Each structure stands twice: as C-alpha cells, then as structure tokens.
Amino acid sequence: MKGYLKTTAGFVLSATMASVSHADVTIGELQGFTGPLESMIGAMSGGANLAVTEANASGNYLQGTINVVQGDSVCIDPAVAIAQAEKMINDDNVMAIMGPNCSGNTGAVITNVLVPNGVVSISPSATSPALTTLEDGGWFFRTAPSDARQGPVLASIAMSRGQTDMAVTHSNSDYGKGLADAFVTAYEAMGGTVTVMAGHDDDKADYSADVAALSAGGSATLAVLGYADTGGRGIIAASEDTGAFSDYVFGDGMISALTSGAVADGSWGTIASPDSDLVDVWTAVAAAGGVDGSGAYAGESYDAMALIILASQAAGSTDRAAIQAQVLNVANAPGIPCAAGDLATCLKYISGGLVVDYVGATGVELDAGGTANGSYAEREVIGGAFTNIKIHK
C-alpha cells in the first residue's frame, strides 16, 4: 500500500510501504498527490502505471522489469518538487521522470534539476505557455497541449454559446495567469467583454470579498481558471452562497467531481482529451486496466509513461541522454502507428529494428519543442457530472 513519509519539506509519497527493488530499471513518477490537483491524481497515476504494467506483462521490454518510484510534488511548492526530483535522480537512479503536473513546479524542476543533471521529464499536465520558451536543453516534453491553445478554444466555445460577457478569475500561479492571458486575449479579439478580471490566492479561508469584486461588473457568468481542490473551489462556494453568478466557465484545472457537484447543470469547461477517433479505444483500454479513462489527464499520463518506455527501448539503453535522443523519434511520424493497449507489439517492433509512430491514448504528436498538439473536450455539467459534449481539435 502507498504511504506518506514525513520530511523537513513536508509529506512526500513513498513508492510503497515496502522497499522498492532497483535491480532492474526505475522511472520516477513525480505528481501532486496532495495539493490543488489531488482529486485528479488518482486517474492520472492509474494511467501512468497502466503503461508500466502493460510493458512489464509483455516481456518485450529489453532492459528488465520496470519499477516506479513515486514522489509528491504537492503541486505548488517548488522547493518540495525540486527535492523530490533530486532524490529520484541521486538516490533512486531513475532513468527518466514522468511529471510534474503544475506549471510553476515544472519550470522550477526543469531549471534546477533536469538541465543540470541531464534527465528527461515528460509532463502529462503542465500547460503554461511560458514553458514553451523556457531553456530546457531539450530535456522536457509534455503530452498535454499548451494553454496558448486552450485559451482560444475556451473563447471560441463561449462565443458559440452566446456568452458575450463574463468576469474572469484565475489562480495566482503560472498556470492560472498563463491560461487567463491566453483566454482573455482571444475572447476580446472575438468580440467578448471581460467585465472584471482578478487573480485569487489559493487556500484562503474566505472568498466572499473576491466574489463581490468580481460580480460588481454586472455579468452573470464567471470564468474560473484555477484549481478545483483549492482557490477555485472556494470561489465557487462563495458565489453559490450569495447567488453572485448563475453559470460558470471552467479551465482544465477545474474539471473535477468536486466542481460539478457544487454548481447547477449547464456550466461547462474544457480539458485536453483524445480526439473522437481514439476516445473509445482509450476508454476501453483504461477500463480493462481498472482506470477511469475519462479522468482528467489520465490518457496523457499513460502516454507520458509509455513514451519514456518506448524511447528507452529505441535507445537500447537506460542511459538518460540516449533516451532523450529517441523521444521525438518514437512520438512522431513516420513509423508504424501504435495506439493505447499496443505497447507489447510496439516494443516488439522496436526490438526488431522497425520504426514506430506512437499514437497512444491521445493522438500523440509532439512539436519540435516537445509539446503535444492535442484536442480538447468540451464538457458540460449534466446531472451533477461533467459530460463530454464535443471534441475540439
């Protein structure tokens, strides 16, 4: 069973309560097991570890049995994320890291750990546009698309729904600020009006003053671009208590059962998603592995871990630099397409000298900077739950 170890930096998730064998190969899983994305991490971790289980069960991965060591980044504390990444590299001798999640932590890990140590990291959910231009030395990749794309998608859907004015609040984080800027720029260019725009801090006891200021602009709609487990949740609670807003627009960090259970039907949001050609395949593969395939970034997590495994297979090594050199090769065309659930065959192709194009759960195709060009699901709250309405490419 999983457990928590107390350290001077806080609580970190141990891989297991028993010791982890390092006789074969180890991959780090650096995720926000606690913090503002906690309600989403179960499906994400399930997706990542499903890829490991699939590869190990196949017997086709040539470097040995893959072990996973987990670390809790707590999502919004860079010092904790850095310490956990350093432990994975120096103590656990990981060949690569799957994660982190939150953009601010991810930037800190890139600069302070990945680049100095020469280690690949593939994040399933760090979406800040600022990460695109950060000097990462080619060590950082992400299977989630940048919020430079999510912002315009949100704006386009809002306008198509006739939501031509709204207030906007965002988490005072790299993620929240980046998404808000991308959304507002696109929304106003399409003719939308932002009545009030304001950041909010996470983990405040009372958000009534924040909501009062946001509602002063007179709009009935509030866009919440924050985290479902912290500030975003508090904003919604304060709004619902006072009736300040009648409907909501959500960024991906709010797509959680905590959110859908707190607002009336009709509110909606976007989140990265497999396109319509792949969603049924991924859902079936995930279900067979006991994973909620509809969970936020579950598919991207599966893909991030799978890419590490396939890049190592293509490199014929667990050498960190050799893995880096192969990530884009296995992620992109040309090659034999490999979808979710096909890791056994994909590994066999590679060991036989064939070139593969990993499509995975989400239609993986990385740009030259290592960022996915993904699709987004428009999800509406229906019956108290987020339900897919349409996939936007």
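What comes next is a walk through the structure. None of these values were measured; they are calculated from a predicted model. (Residues numbered from 1 in each chain as written. Predicted model: local features only at pLDDT ≥ 70, side-chain atom pairs only at ≥ 80, totals over all residues. Heavy atoms only, no water.)

Regarding the sheet that holds strand β3 (residues 25-31)
No. 1: Here five strands make up an open sheet; going across it, the order is β4-β3-β5-β6-β7 and the pairing parallel. Where the open sheet ends on each side, the last strands, each with one partner, are β4 (66-72) and β7 (140-142).
No. 2: Bridge count for β3 against β4 is seven bridges, and the pairing is parallel. Looking across to β4, one finds that V25 is bridged to I66.
No. 3: Against the sheet, helix α2 (residues 78-90) contacts β3, β4 and β5 (97-98), and its axis sits at roughly 155° relative to β4. (Pairing = 2+ DSSP bridges. Helix = DSSP H or I, 4+ residues; strand = E, 2+ residues; numbered from the N terminus. Contact = heavy atoms within 4.5 Å. Axes fitted to C-alpha atoms, helices over the stretch in contact; angles between N-to-C directions.)

Side note on the state of the cysteines
No. 1: A complete count under the given rule lists one disulfide for this structure.
No. 2: Note that C75 is cross-linked by a disulfide to C102, the S-S spacing being 1.5 Å. One end of the pair, C75, is in the loop between β4 and α2; the other, C102, is in the loop between β5 and α3 (103-117), and 27 residues separate them in sequence. (Disulfide = S-S within 2.5 Å.)

Concerning helix α10 (residues 279-288)
No. 1: Every buried residue belonging to α10 is among W282, V285 and A286, and all of these are buried. The buried residues of α10 occupy an angular sector of 95° when the element is viewed end-on, so they sit on one face. Within α10, the exposed residues directed more than 90 degrees away from the buried face are D280, A287 and A288.
No. 2: Of the surrounding elements, those touching the buried residues of α10 are α1 (38-58) and α11 (298-315).
No. 3: Immediately downstream of α10, the backbone of G290 shows phi near 75°, a positive value. (Buried < 20%, exposed > 50% of the residue type's maximum accessible area, 1.4 Å probe, protein only. Arc of directions from axis to C-beta.)

Let's talk about the nonpolar core
No. 1: Counting residues in hydrophobic clusters, the biggest one holds 66 residues, and the most contacted among them are I97, W282, Y302, M305, I309 and Y358.
No. 2: Considering every element that reaches this core, the biggest residue donor is α11, with 10 residues.
No. 3: Y175, L225, Y227 and I235 belong to the second-largest nonpolar core, a separate cluster that totals 53 residues. (Core = buried A, V, L, I, M, F, W, Y, C linked by side-chain atoms within 4.5 Å.)

Let's talk about the sheet that holds strand β12 (residues 268-273)
No. 1: Taken in spatial order, the seven strands line up as β9-β8-β10-β11-β12-β15-β16 in an open sheet, and their pairing is mixed. Both edges of this open sheet fall to β9 (193-200) and β16 (385-392), since each of them pairs with a single strand only. Taken pair by pair, the neighbouring strands of this sheet meet at an average axis angle of 25°, ignoring direction.
No. 2: In this sheet, strand β10 (residues 221-225) lies alongside strand β8 (residues 165-171) in parallel orientation, the contact comprising four bridges. Its bridge partner lying in β10, T169 is registered against V224.

Details of unusual backbone geometry
No. 1: The omega torsion across G99 and P100 is -5°, close enough to zero to call that bond cis.
No. 2: In this structure, P100 sits in the loop between β5 and α3.
No. 3: Residue A333 is joined to P334 through a cis peptide bond whose omega torsion reads 5°.
No. 4: Examined against the element boundaries, P334 turns out to sit in the loop between α12 (320-331) and β13 (336-339).
No. 5: Not every positive phi belongs to a glycine, and D203 is a case in point at roughly 65°.
No. 6: When you line up the elements, D203 lands in the loop between β9 and α7 (208-215).
No. 7: Unusually for a residue other than glycine, Y297 sits at a positive phi of about 60°.
No. 8: Here Y297 shows up in the loop between α10 and α11.

Observations concerning the packing of aromatic side chains
No. 1: According to the stated counting rule, one finds five aromatic pairs in the structure shown.
No. 2: Relative to Y187, the ring of F183 has its centre 5.2 Å away and its plane inclined at 20°; by these criteria the two rings are stacked. One end of the pair, F183, and the other, Y187, are both in helix α6 (residues 174-189), four residues apart, so they sit about a helical turn from each other.
No. 3: What makes Y187 buried here is its relative accessible area of 0%.
No. 4: Taking the centre distance of 6.1 Å and the plane angle of 85° together, the rings of F250 and F386 count as edge-to-face. (Phe/Tyr/Trp six-rings, centres within 6.5 Å; stacked < 30°, edge-to-face > 60°.)

A look at the pairing of β3
No. 1: In terms of burial, β3 is largely enclosed, as seven of its seven residues are buried.
No. 2: Taking every second residue as pointing to the same face, both faces of β3 are buried, with V25, I27, E29 and Q31 on one and T26, G28 and L30 on the other.
No. 3: Chirality of the crossover, the property in question, places the unit of β3, α1 and β4 among those that are right-handed.
No. 4: Here two bridges tie β3 to β5, and the two strands are oriented parallel to one another. The partner of G28 across the bridge, within β5, is I97. (Right-handed = clockwise from strand over helix to strand, strands pointing away.)

All we've got here are geometric facts, nothing functional implied.
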